[in-house]
Amino acid sequence: DQQVKQNSPSLSVQEGRISILNCDYTNSMFDYFLWYKKYPAEGPTFLISISSIKDKNEDGRFTVFLNKSAKHLSLHIVPSQPGDSAVYFCAASRYNQGGKLIFGQGTELSVKP
Amino acid sequence: DTEVTQTPKHLVMGMTNKKSLKCEQHMGHRAMYWYKQKAKKPPELMFVYSYEKLSINESVPSRFSPECPNSSLLNLHLHALQPEDSALYLCASSQDGILGFGELFFGEGSRLTVL
């Protein structure tokens, strides 16, 4: 039973355009969500997070949107750059299980010059 | 630069060997984690230490034995592993203990191959 799902295994975007990565979850008890970026042969790097009391969080070129009623979150990258090419994982957790992140399967983003 | 350091980066071992993976962080974080990641799969939690005490064991086989000598160090002792245990083993830390929220900071991982 996969509680966090990223249904698009890959996404290709032109440099300068918007990248939108999507994530769905099934467990309504999740109340904190994170996005991680991973290059090959490296550990995941934290990008941005959002708690369930918010519906949007912005950090530079990265914005995460949360739709609790739809159990859906998305990561927007604007403008996309070739260096953004990596695998992006969304993850979810519950307040009293802060480190027990449940990861989605990942989406491989390719930003073409 | 990652502030969670894992050694070794690569390890090849036979099924009868005993080896250890090591992890160190100097950020003053109070929780440390072991995650396992197989190819093309997401990371999966194995163990959590919060304030140097084992808080979560995700039903991991006893051939994996974690140890937290102090708040900065985390080891994973390996014994009698199987070829299917070959994976990337990721160490992570977070500022707070298991309670509350917290971003996890991951190391680069130790790539384990069991022959």
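What this report covers is the structure whose coordinates are included nearby. (Residues numbered from 1 in each chain as written. Chains lettered and ligands numbered in written order. Predicted model: local features only at pLDDT ≥ 70, side-chain atom pairs only at ≥ 80, totals over all residues. Heavy atoms only, no water.)

### Notes on the overall build of chain B
Logical step 1: Helix and strand counts for chain B stand at zero helices and eleven strands.
Logical step 2: Over its C-alpha trace chain B gives a radius of gyration of 13 Å, about what one expects of a compact globule, namely 13 Å for 115 residues.
Logical step 3: Dimensions of chain B, computed from the C-alpha atoms along their principal axes, are close to 40 × 30 × 25 Å.
Logical step 4: For chain B, buried positions account for 46% of its 115 residues.
Logical step 5: A separation threshold of at least 6 residues defines the contact pool for chain B, and within that pool the share at least 24 residues apart is 56%.
Logical step 6: Of the accessible surface of chain B, which amounts to about 5,600 Å², a share of 50% is contributed by carbon and sulfur atoms.
Logical step 7: The average position of the 12 basic charges and that of the 12 acidic charges among the side chains of chain B differ by 9 Å. (Helix = DSSP H or I, 4+ residues; strand = E, 2+ residues; numbered from the N terminus. Rg over C-alpha atoms; globule rule 2.2 N^0.38 Å. Buried < 20%, exposed > 50% of the residue type's maximum accessible area, 1.4 Å probe, protein only. Contact = heavy atoms within 4.5 Å. Areas by Shrake-Rupley, 256 points an atom, 1.4 Å probe, with all protein chains shown as cover. Lys, Arg positive; Asp, Glu negative; His and termini not counted. Charge placed at Lys NZ, Arg CZ, Asp CG, Glu CD.)

### Topic: the environment of Asn67 of chain A
Residue and element names in this part refer to chain A.
Logical step 1: Within the secondary structure, Asn67 sits in strand 7 (residues 62-67).
Logical step 2: Judged by its relative accessible area of 36%, Asn67 is partly exposed.
Logical step 3: Spatially, the C-alpha atoms of Asn67 and Tyr88 are 19 Å apart, while their sequence positions differ by 21 residues.
Logical step 4: If near-sequence neighbours (up to four positions away) are discounted, Asn67 is found in contact with Tyr25 and His72.
Logical step 5: At 2.8 Å, the side chain of Asn67 forms a polar contact with the side chain of Ser69. (Polar contact = N/O pair within 3.5 Å; in protein donor to acceptor, adjacent residues only side chain to side chain.)

### Structural notes on the pairing of strand 1 (residues 4-7) of chain B
All names here are of chain B.
Logical step 1: Every second residue of strand 1 is oriented toward a common face, the buried set being Val4 and Gln6 and the non-buried set Thr5 and Thr7.
Logical step 2: When strand 1 meets strand 3 (residues 18-25), the two strands line up antiparallel, connected through four bridges. Looking at the pairing, Thr5 lines up with Glu24 of strand 3. (Pairing = 2+ DSSP bridges.)

### Comments concerning the side chain of Ser110 of chain B
Residues and elements named next belong to chain B.
Logical step 1: Within the secondary structure layout, Ser110 lies in strand 11 (residues 110-114).
Logical step 2: Taking the relative accessible area as the measure of exposure, Ser110 reaches 1% and is therefore buried.
Logical step 3: A polar atom in the side chain of Ser110 sits 2.6 Å from the backbone oxygen of Pro8.
Logical step 4: Among all residues touching Ser110, those that are not within four sequence positions of it are Gln6, Thr7, Pro8, Lys9, Leu21, Ala87, Leu88 and Tyr89.

### Remarks on the sheet that holds strand 8 (residues 73-79) of chain B
Residues and elements named next belong to chain B.
Logical step 1: Pairing within the open sheet is antiparallel, and its four strands lie in the order 1-3-8-7. Of all the strands in the sheet, the pair left with one neighbour each is strand 1 and strand 7 (64-70). Direction aside, the axes of adjacent strands within the sheet are offset by 20 degrees on average.
Logical step 2: With five bridges joining them, strand 7 and strand 8 adopt antiparallel strand pairing. Bridge pairing links Ser65 to His77 in strand 8. (Axes fitted to C-alpha atoms, helices over the stretch in contact; angles between N-to-C directions.)

### Some thoughts on the packing of aromatic side chains
Logical step 1: Summed over the entire model, instances satisfying the criterion amount to ten aromatic pairs over all chains.
Logical step 2: When the ring of Phe103 of chain A is compared with that of Tyr35 of chain B, the centres are 5.9 Å apart and the planes differ by 90 degrees; the resulting orientation is edge-to-face. Separated into two different chains, Phe103 of chain A in strand 10 (residues 102-103) and Tyr35 of chain B in strand 4 (residues 31-37) make up a pair that spans both. With respect to burial, Phe103 of chain A and Tyr35 of chain B carry one shared label: buried.
Logical step 3: With a centroid separation of 6.2 Å and 65 degrees between ring planes, the pair formed by Phe103 of chain A and Phe106 of chain B is classed as edge-to-face. Highlighted residues: Phe103 of chain A in strand 10 and Phe106 of chain B in strand 10 (residues 105-106), drawn from two different chains. Each of the two residues, Phe103 of chain A as well as Phe106 of chain B, counts as buried.
Logical step 4: An aromatic cluster of at least three residues, connected via ring pairs, comprises Tyr36, Phe46, Phe89 and Phe103 of chain A together with Tyr35 and Phe106 of chain B. (Phe/Tyr/Trp six-rings, centres within 6.5 Å; stacked < 30°, edge-to-face > 60°.)

Such coordinate-based values are descriptive only and should not be taken to indicate function.
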